[in-house]
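Chain residues, written in single-letter form:
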Amino acid sequence: GQILTTSETENPQLFWGLRGGGGNFGVVTKLEFRLHPVGPAVLGGALIYPAAMAPEVLRNFRRVMANAPDEVCSAVVLASAPHEDFIPEPVRGQPICLVSLCFAGAVEAGEAALRPLREFGPPALDMVEPMPYVAFQRMIDPSNPAGIRNYITADFLAGLPDEAIEVMCRFHLTRPSPLTEIVTLPGGGALARVPDEATAFGRDRHSPFNYLIHSKWTDPGADDANVAWTRELAAAMKPFSTGRAYLNFIGEEGEERLVAAFGPRAYARLQALKDRYDPDNLFRLNQNVKPSRAMVGAR
C-alpha cells in the first residue's frame, strides 16, 4: 500500500469519497479536525413519558423541530424504562417514550430553546440539566452493553405524518425484546446547508426525519422473532420513506440498497475511486462499494 494525505486540495476526489464512502479505500491512520467550541457544560438529558403519550409527544416533536435553532439536538426514543433507582419500580422495564435533548450552546439560551419540548405534557420525569458535553455523549452506553445480539435497519422519512407515528407507536407495544428501541431523529438545519455534491454523503440532507429500528436481545433462540418483528415494522414504514437510508443505521441489505442510499451518480464516482485505490476489493467488510466488473475481470 501507500500513504496518502487527502484534503480539499490534495487528492480531493478521494477526500470527497471518504466523507460518506467509509472504509472502502484504505485505512485512516490520522485525522485533522476543525474544532468548534461547545461546553464544557451543555443543557442536556432526557424527558420520560408514559407510552400512551407517545403519539402526542411525537406530534409535538414534529412541530417544534420544524423551526428549532441549530443548537437543539434531539431524538424521540420508544423504548423500555431502565432498571434504575430514579425510575419508580412498577415502571421499570415497561414501555415508555423518551425524548433525548441537548442544547449545543450557552446553558442560559438552552433554557428558552428547549422549553417547548420540556413543558409539553408535562413529562413524568424531566432529567434535563447542565452537564459536561462528554457526559451527554455517554448517556446511551448503558443501554448498549457488549455481547448482546443486534439487528438494525432504518430509512430517511419524507415527513412524519400521523399515520407514520401511529405505526411506530403500535409496534412499540409489541416489541419481542424490552431492549429494542425505535428512534426518530430530525434532519435539516446545518446538515441541509451543505451542498449535496460536497461529499459522498448527500441526497438526504434535506429529509426532515430519519428513523432507526435498533432491535437488541440476549437469547440466541429469539433471533427469528426479533428479526421478523424488525422487518415487519420496516415494511410498514416504507410508504413514508424517501427510499434511502443512513448507512451507519443499516446492516447488510444488498447492493441495491447501497446504490439507492448514495444515488447512482455518487455511487459511480465512488466506484471509480474503488477501481483506482482498491481494485481487488480488499476493504470489503463494510457497506461495500464493489469495483466495476471491467476492473475485476481485467485482474
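Caption draft 1: Broad picture of the overall build of the protein. On a plain count of helices and strands, the protein comes out with ten helices and eight strands. Over its C-alpha atoms the protein spans a radius of gyration of 21 Å, differing by no more than 12% from the 19 Å that the globule rule assigns to 299 residues. Considering only intrachain contacts with a sequence separation of at least 6, the fraction spanning at least 24 residues in the protein is 73%. If you sum the accessible surface of the protein, you get close to 16400 Å²; carbon and sulfur atoms cover 55% of it. Each charge class in the protein was averaged separately, 29 positive and 34 negative side chains, and the resulting centres sit 6 Å apart.

Caption draft 2: Structural view of the environment of A245. Mapped onto the fold, A245 is located in the loop between α7 (223-237) and α8 (255-262). The buried category is assigned to A245, whose relative accessible area is 5%. Through-space distance from the C-alpha of A245 to that of N210 is 8.1 Å; in sequence the pair is 35 residues apart. With residues up to four places along the chain from it excluded, the contact list for A245 reads A154, D155, F156, I250, R257 and A261.

Caption draft 3: Highlighting the state of the cysteines. Tallied over the full model, the rule gives zero disulfides. This cysteine, C73, is not joined by any disulfide, and C102 carries the nearest cysteine sulfur, 5.1 Å off. For the unlinked cysteine C97, the closest cysteine sulfur is that of C169, found at 7.0 Å.

Caption draft 4: Looking closely at unusual backbone geometry. In this structure, the amide linkage connecting G39 to the following residue, P40, adopts the cis form with an omega of 15°. In this structure, the amide linkage connecting G121 to the following residue, P122, adopts the cis form with an omega of -5°. As for its position among the elements, P122 is in the loop between α4 (115-118) and β4 (125-126). Even without being glycine, N11 reaches a positive phi, approximately 50°. Even without a glycine there, the phi angle at N281 is positive, about 60°. Within the secondary structure layout, N281 lies in the loop between α9 (264-277) and α10 (293-298). Assessed through its relative accessible area of 13%, N281 is described here as buried.

Caption draft 5: Focus on the packing of aromatic side chains. Evaluation of the coordinates by the stated rule reveals six aromatic pairs. Consider the rings of F156 and F201, whose centres lie 6.4 Å apart with planes at 50°: the pair is tilted. Taken as a pair, F156 in strand β6 (residues 149-157) and F201 in the loop between β7 (181-186) and β8 (209-217) lie far apart in primary sequence, 45 residues in all. Cluster of aromatic residues (ring-pair linked, three or more members): F156, F201, Y246 and F249. Just above the ring of W16 sits the side chain of R269; from NZ or CZ to the centre is 3.7 Å.

Caption draft 6: Fine view of the nonpolar core. In terms of nonpolar packing, the biggest core is built from 39 residues, with L78, M168, Y211, L233 and M237 touching the most fellow members. If you list the elements that add at least two residues to this core, you get β1 (41-50), α2 (54-65), β2 (72-80), β3 (95-103), α3 (107-113), α6 (162-172), β8 and α7. For M237, the contacting residues outside a window of four places in its chain are L157, A164, V167, M168 and Y211. Counting residues in each nonpolar core, the second largest holds 22 residues, with A245, L258, A261 and A266 among its members.

Definitions and limits used
Along each chain, numbering runs from 1 in the same order as the chain's sequence is written. Where totals are concerned, whole chains, interfaces and linings use all residues; where local detail is concerned, this predicted model gives features only for residues with pLDDT of at least 70, and gives and counts side-chain atom pairs only at 80 or more. By convention in this description, side-chain values take in all heavy atoms of the structure and omit both hydrogens and water. Elements are defined by DSSP. Helices are runs of H or I of four residues or more, strands are runs of E of two residues or more, and each kind is numbered from the N terminus. In this setup the radius of gyration rests on C-alpha atoms only. A globule is expected at 2.2 Å times the number of residues raised to 0.38. The contact rule is simple, with two residues in contact once any of their heavy atoms fall within 4.5 Å. Per-residue accessibility takes into account occlusion by the displayed protein chains alone, with areas from the Shrake-Rupley method and a 1.4 Å probe. Asp and Glu count as negative and Lys and Arg as positive, but His and the ends of the chain are not part of the count. For the purpose of locating charges, the reference atoms are NZ of Lys, CZ of Arg, CG of Asp and CD of Glu. Each residue is placed in one exposure class: buried if its accessible area under a 1.4 Å probe, protein chains only, is under 20% of its type's maximum, exposed if it is over 50%, and partly exposed if it falls in between. Criterion for a disulfide: a pair of cysteine sulfur atoms within 2.5 Å. Two aromatic rings from Phe, Tyr or Trp, using only the six-membered ring of Trp, form a pair when their centres are within 6.5 Å; if the ring planes differ by under 30 degrees the pair is stacked, by over 60 it is edge-to-face, and anything between is tilted. Look at NZ for Lys and CZ for Arg. If either is within 6 Å of the ring centre and within 35 degrees of the ring normal, a charge sits over the ring. Here, nonpolar core refers to any group of buried Ala, Val, Leu, Ile, Met, Phe, Trp, Tyr and Cys residues whose side-chain atoms link them within 4.5 Å.

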